[in-house]
Amino acid sequence: MAGVLLNETNSGNHYEMVDLAEFAKRMSVCPNSVRNWIKSGKLKAGEHYFHIGHIYRFPWGETFLKQLMHTVAPEPSPPRPGLKSRTRNRKLLH
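Peer 1: Explanation requested: the side chain of Glu16 in the structure shown.
Peer 2: With respect to the secondary-structure elements, Glu16 resides in strand β2 (residues 13-19). Of the polar contacts made by the side chain of Glu16, one reaches the side chain of Arg26; its length is 2.6 Å.

Here it is as structure tokens:
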């Protein structure tokens, strides 16, 4: 697998380091979405990824994914205003 760099065990949790393209693929998003998460602050250096020069590396493992999904989960959309019926307006026109 090209995007996987190494496997590590940290405190009994198994994880692997993947590059930005592989991380985006595994998250089912495009690489630009990951870059936008980084720019917006949803992903934090040292906590969610490591950045050296132009190279990004992301840990991939069960513990990390639980933390990540809590961080990047989409915010609930605001409630939509009630829609008004047009039938009353149509009756007025006839």
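And the narrative resumes.
Peer 1: What am I meant to see in the environment of Asp19 here?
Peer 2: Within the secondary structure layout, Asp19 lies in strand β2. Assessed through its relative accessible area of 22%, Asp19 is described here as partly exposed. The spacing of Asp19 and Pro59 is 40 residues in sequence and 9.0 Å in space, taken between C-alpha atoms.

Peer 1: Sorry, what's going on with the nonpolar core here?
Peer 2: For soluble globular proteins, the rule of thumb is that nonpolar side chains tend to be buried together. With 14 residues, the main nonpolar core has Phe23, Met27, Val34, Ile38, Leu43, Phe58 and Leu68 as its most contacted residues. Broken down by secondary-structure element, the contributors of at least two residues to this core are α1 (20-27), α2 (31-40), β4 (55-61) and α3 (62-72). The element best represented in this core is α1, accounting for 4 residues. With residues up to four places along the chain from it excluded, the contact list for Ile38 reads Leu43, Tyr49, Tyr56 and Phe58.

Peer 1: Even after reading the chapter, I still don't get the pattern of salt bridges, so can you show me in this structure?
Peer 2: Between side chains of opposite charge, pairing is possible as soon as their charged atoms come close. As enumerated under the stated definition, the model contains 2 salt bridges in all. Here Arg26 and Glu16 are joined by a salt bridge, their closest N and O atoms 2.6 Å apart. In this pair, Arg26 sits in helix α1 while Glu16 sits in strand β2, placing the two residues 10 residues apart along the sequence. Judged by relative accessible area, Arg26 falls into the partly exposed class, the value being 22%. Between Glu22 and Arg26 there is a salt bridge, with its nearest N and O atoms 2.8 Å apart.

Calculation criteria
- Residues numbered from 1 in each chain as written.
- Predicted model: local features only at pLDDT ≥ 70, side-chain atom pairs only at ≥ 80, totals over all residues.
- Heavy atoms only, no water.
- Helix = DSSP H or I, 4+ residues; strand = E, 2+ residues; numbered from the N terminus.
- Polar contact = N/O pair within 3.5 Å; in protein donor to acceptor, adjacent residues only side chain to side chain.
- Buried < 20%, exposed > 50% of the residue type's maximum accessible area, 1.4 Å probe, protein only.
- Core = buried A, V, L, I, M, F, W, Y, C linked by side-chain atoms within 4.5 Å.
- Contact = heavy atoms within 4.5 Å.
- Salt bridge = Lys/Arg side-chain N within 4 Å of Asp/Glu carboxyl O.

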